[in-house]
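The primary structure of each chain is shown beneath.
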Amino acid sequence: MMENELKNIKKWNIVYPVYINSKKTMAEGRRIGLTKACENPTCVEIGDCCNHLKIPFAIEIDKAYPRDFMQRGRVRVLIKKEDGTLSNPAISSRKQLLLRIAELVPKHPGRNKKQDAASASTSTAGPSTKSGKGGKKRR
């Protein structure tokens, strides 16, 4: 990476994890379709995906999404260089980048273990066999 590109990091595109989070609504800040979004992505996962796509990135942990300031962190990405050339010729827009990252995050090596553990714990409980509405029985 060239020295002058690091100085212009302020001009890089910003990707908040909310943009590709399937748990969020469009009103809460999701930028891509629900079917294409992934569940609770982290900045580190997004960064690793950018690395995989060979796109320069920088993780900013001290920043937060304005609509959900409890979720810390965002990733700055360089889609287009100073001279107008693309960092990755296959990705020409922010939307395309978000879609590619959302595809890659579920395949993230650190994620598979988490997902398996979560699905194992829920499958043991299972749905209750009792049918009917339930509620209080009156005498």
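As the structure is a prediction and not an experimental result, all values here were calculated from the model. Here the residue numbering is sequential within each chain, running from 1 through the sequence in written order. This being a predicted model, a pLDDT of at least 70 is required before a residue's local features are given, and a value of 80 or more before pairs of side-chain atoms are given or counted; all residues contribute to the totals for chains, interfaces and linings. Only heavy atoms go into the side-chain values, all of them from the structure, while hydrogens and water stay out.

A pair of aromatic rings is counted whenever rings of Phe, Tyr or Trp (Trp by its six-membered ring) have centres within 6.5 Å, and the orientation is called stacked for planes under 30 degrees apart, edge-to-face for over 60 and tilted otherwise. Taken as a whole, this structure holds 3 aromatic pairs when the rule is applied. Pairing Y19 with Y65 gives two aromatic rings, centres 5.9 Å apart and planes at 90°, and the pair type is edge-to-face. On the criterion of sequence distance, the pair formed by Y19 in the loop between β1 (13-15) and α2 (43-52) and Y65 in strand β2 (residues 57-65) is long-range, its members being 46 residues apart. For the exposure calls, accessible area comes from a 1.4 Å probe over protein chains only, and a residue counts as buried if that area is under 20% of its type's maximum, exposed if over 50%, partly exposed in between. Residue classification places Y19 among the buried residues on the basis of a relative accessible area of 5%. Take Y65: its relative accessible area is 5%, and that puts it in the buried class. Directly above the ring of Y19 sits R31, whose terminal nitrogen or CZ lies 4.0 Å from the centroid. A run of H or I in DSSP counts as a helix once it spans at least four residues, and a run of E counts as a strand once it spans at least two, with each numbered from the N terminus. Definition used: whenever NZ (Lys) or CZ (Arg) falls within 6 Å of the ring centre and also within 35 degrees of the ring normal, the charge is taken to sit over that ring.

Glancing now at the sheet that holds strand β3 (residues 68-77). Spatially, β1-β3-β2 is the arrangement adopted by the 3 strands of the open sheet, whose pairing is antiparallel. Of all strands in the sheet, those bounded by a partner on one side alone are β1 and β2. Strand after strand, the sheet turns through a mean of 30° between neighbouring axes, direction not considered. Pairing between two strands is assigned when DSSP locates at least 2 bridges connecting them. Relative to β3, β1 runs antiparallel, the two sharing 3 bridges. Looking across to β3, one finds that V15 is bridged to V75. Any pair of residues with heavy atoms lying within 4.5 Å of one another is described as a contacting pair. Axis lines are fitted to C-alpha atoms, over the contacting stretch for helices. Their N-to-C directions set the angle, which ranges from 0 to 180 degrees. Packed onto the sheet, α2 meets β1, β2 and β3 and runs at close to 15° relative to β3.

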